[in-house]
Amino acid sequence: PAYPQPATWSIVLFILTYIAYLCEALLCVCAPCVKCGFGSSTCRYVSNVMSDTAAEGFIAKLMAAAPVFVMNVECYHYETRTRTVSDGNGGTRTETYQAKVVTWSATDHIVYSSWMDRSTKVTGLQSVKLMKMKLEKKLEYADEATYHEFERQRMHFRAMNNFDVHQGYSETMEIEGFTSHVLAALNGVVPKNVSKKMYIIVSVFCGSYFYRVWLDKLCHATDVNIRKRVSAQTIDSPLVFGYETAGNQNIFLGLTYQNFYGTAHPDANIAQAAQAVQNVPTAVPMATAFVPQGEGAAAESANIPKTDGAPPGGLKHEEPDNPAGSAASPAGSPSAPAPPSGASSPAANAQSQLPRGVAVSCPPGGAPGQRISFRTPDGTNLSAQIPEGVAEGQTFIVHY
């Protein structure tokens, strides 16, 4: 047989390398890729170039934004299915695999009473011309009671939406307008070649590395934690705000300007709004944060190392996904539910301790007080009494 010549292999290798290079430099620039080191943070920075005034307003808006905690669950089971595949010899064979079948999903918010902003104070930037700001969101509990209230709501939400053999849970902290990488021109003038367009042109001609080195020399880099401290109690203070209620942006704009440049904001109204809260005492328990066991104390300014621990109960917790060789499938398949084989994880053990629920329809001729039989998704035969107020054809939830 004829084999490709070495020159052909060189061309193929060059093309593949160039494609991988462009993916790293221009395509894989989402926050997860950048955080894990696969994607280019420079592309994200030059995509969010701001003037000094815009950067001040951007940080102030994030500080004034109320945190929103969104819980998500997905209930599912696995089914054994068959498919026909090639056997590699010109024939076919039948194999079995595990398919993930999602049967229920739900979303809700965690409710708290009050919040205050405890974000990083970025100071001493009077002489900085260009600043890279890498931002992260952080949650703090005002006290132990708040932490336990969050955990109670998480467990209640999961228990009330536990309708199948397995349950995946995730939680996100949302802050309006948040983005993870910003490049700010603090003297109001953005250098001519600092733009996404120029970065793309340079990258296409294999100059991405040199552009990054050049930009790094121009910039001062800082990490900014947009940190929200929440409480289960109502606190009376000009710097403490209610559930999902935004703060006074003028206050935070004045505070941001003063932190950036060490002087009051030139707008008298904004400067007065910030000055009015400079010496406001913060009521207990918002003055200090509760740190759950196993977490470090959070940084309060840009020159203190920040912690990386996530709150217990998870801003991210997920049951193991479908096993090797499995595929996701919509609900409605006639096959009987079959959980994946293998040892259960601690998360799966915790899941088994939650009460489960199943939706049951009132059959024709059914009436309140009558006992009916039904089958759960995991194959258990049970019976339940039709509750008051449920009519023929209506659905009610039975927890077991």
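The rules we used
Residues numbered from 1 in each chain as written. Predicted model: local features only at pLDDT ≥ 70, side-chain atom pairs only at ≥ 80, totals over all residues. Heavy atoms only, no water. Helix = DSSP H or I, 4+ residues; strand = E, 2+ residues; numbered from the N terminus. Buried < 20%, exposed > 50% of the residue type's maximum accessible area, 1.4 Å probe, protein only. 1 Å grid on protein atoms, 1.4 Å probe; cavity = no way out; pocket = protein on both sides within 12 Å on 5 of 7 lines; lining within 4 Å. Points joined across faces, edges and corners; volume = space filled by probe spheres on them. Nonpolar A, V, L, I, M, F, W, Y, C, P; charged D, E, K, R; others polar. Contact = heavy atoms within 4.5 Å. Polar contact = N/O pair within 3.5 Å; in protein donor to acceptor, adjacent residues only side chain to side chain. Pairing = 2+ DSSP bridges. Axes fitted to C-alpha atoms, helices over the stretch in contact; angles between N-to-C directions. Patch = residues over 30% accessible without salt bridge, like charges linked within 9 Å, V, L, I, M, F, W, Y side chains within 5 Å. Areas by Shrake-Rupley, 256 points an atom, 1.4 Å probe, with all protein chains shown as cover. Salt bridge = Lys/Arg side-chain N within 4 Å of Asp/Glu carboxyl O. Phe/Tyr/Trp six-rings, centres within 6.5 Å; stacked < 30°, edge-to-face > 60°. Lys NZ or Arg CZ within 6 Å of the ring centre and 35° of its normal. Arc of directions from axis to C-beta.

Student: What is the right way to look at the environment of S237 in this model?
Tutor: Checked against the element boundaries, S237 lands in the loop between β8 (220–231) and β9 (241–242). Taking the relative accessible area as the measure of exposure, S237 reaches 10% and is therefore buried. S237 sits 121 residues away from M116 along the chain, and the two C-alpha atoms are 9.4 Å apart.

Student: Which parts of the structure should I look at to understand empty space enclosed by the protein?
Tutor: Unoccupied space between atoms shows up once a probe the size of one water molecule is rolled over them. As enumerated under the stated definition, the model contains one cavity of 30 Å³ or more in all. Estimated volume of the largest cavity: approximately 60 Å³. Considering the residues around the largest cavity, the lining is formed by I59, M63, S119, T120, K121, V122, V224, T256, N259 and F260. Considering every element that reaches the lining of the largest cavity, the biggest residue donor is helix α8 (residues 249–261), with three residues. Of the residues that constitute the lining of the largest cavity, the class distribution is five nonpolar, four polar and one charged.

Student: Mind showing me how you'd approach the environment of V111 here?
Tutor: Mapped onto the elements of the fold, V111 is located in the loop between β3 (92–109) and β4 (114–117). Taking the C-alpha atoms as reference points, V111 and Q153, 42 residues apart in sequence, are found 8.1 Å from one another. Ignoring anything within four residues of it in the chain, the contact list for V111 reads Q153 and Y243.

Student: Would you take a moment to explain the side chain of H265 for this structure?
Tutor: Among the secondary structure elements, H265 is positioned in the loop between α8 and α9 (268–275). You can call H265 buried: its relative accessible area is 14%. Within the local environment of H265, its side chain forms a polar contact with the backbone nitrogen of D267, the two atoms lying 3.0 Å apart. Residue contacts for H265: discarding those within four places in its chain leaves L253, G254, Y257, I270 and A271.

Student: Explain unusual backbone geometry to me, please; I cannot follow it from the model alone.
Tutor: What you tend to see is this: most non-glycine residues have negative phi, and most peptide bonds are trans. Phi is positive for C206, close to 65°, though the residue is something other than glycine. Position of C206 relative to the elements: it lies in the loop between α6 (196–204) and α7 (208–218). In this structure, E244 is a non-glycine residue whose phi angle is positive, near 50°.

Student: Even after reading the chapter, I still don't get the sheet that holds strand β7 (residues 181–185), so can you show me in this structure?
Tutor: Two modes of strand pairing occur in sheets, parallel and antiparallel, and in both the strands are linked by backbone hydrogen bonds. Strand order in the open sheet made by the six strands is β1-β7-β5-β8-β4-β9, with mixed pairing throughout. Two strands in the sheet have a free side with no partner beyond their single neighbour: β1 (49–51) and β9. Contacts from helix α4 (residues 52–64) reach β1, β4, β5 (130–141), β7 and β8, with the element oriented near 105° to β1. Sitting on the sheet, helix α5 (residues 144–160) is in contact with β5 and β8, with an inclination near 80° to β5.

Student: Help me understand a nonpolar patch on the surface, please; the structure alone is not making it clear to me.
Tutor: Taken together, the side chains of W9, I11, V12, F14, I15, L16 and I19 present a nonpolar region at the surface, about 730 Å² in accessible area. Within the secondary structure, I15 is located in helix α1 (residues 6–27). Judged by relative accessible area, which is 43%, I15 ranks as partly exposed.

Student: What should I look at first to understand the pattern of salt bridges in this one?
Tutor: Close approach of charged atoms allows side chains with opposite charge to pair. Here the structure, examined in full by the defined rule, presents 12 salt bridges. Residues E140 and R229 are paired through a salt bridge, measuring 2.6 Å at the closest nitrogen-oxygen approach. Of this pair, E140 sits in strand β5 while R229 sits in strand β8, placing them 89 residues apart in sequence. Residue E140 is classed as buried on the basis of its relative accessible area of 6%.

Student: In this structure, what is going on with the packing of aromatic side chains? I would like to understand it.
Tutor: Aromatic ring pairs are defined here through the distance separating the ring centres and the angle between the ring planes. Considering all chains together, one arrives at 15 aromatic pairs under this definition. Put simply, the rings of F69, Y112, Y141, Y147, F150 and Y243 pair up and form one aromatic cluster. Across from the ring centre of Y76, 4.3 Å away, lies the NZ or CZ of K100, which sits over that ring.

Student: Where do I start with α7 in this structure?
Tutor: An α-helical turn contains 3.6 residues, so a residue and the one three or four places further along point in the same direction. All of the buried residues along α7 are S208, Y211, R212 and L215. Buried residues of α7, viewed axially, fall in a sector of 100°; they line one side. Turned more than 90 degrees off the buried face of α7, the exposed positions are Y209, F210 and K217.

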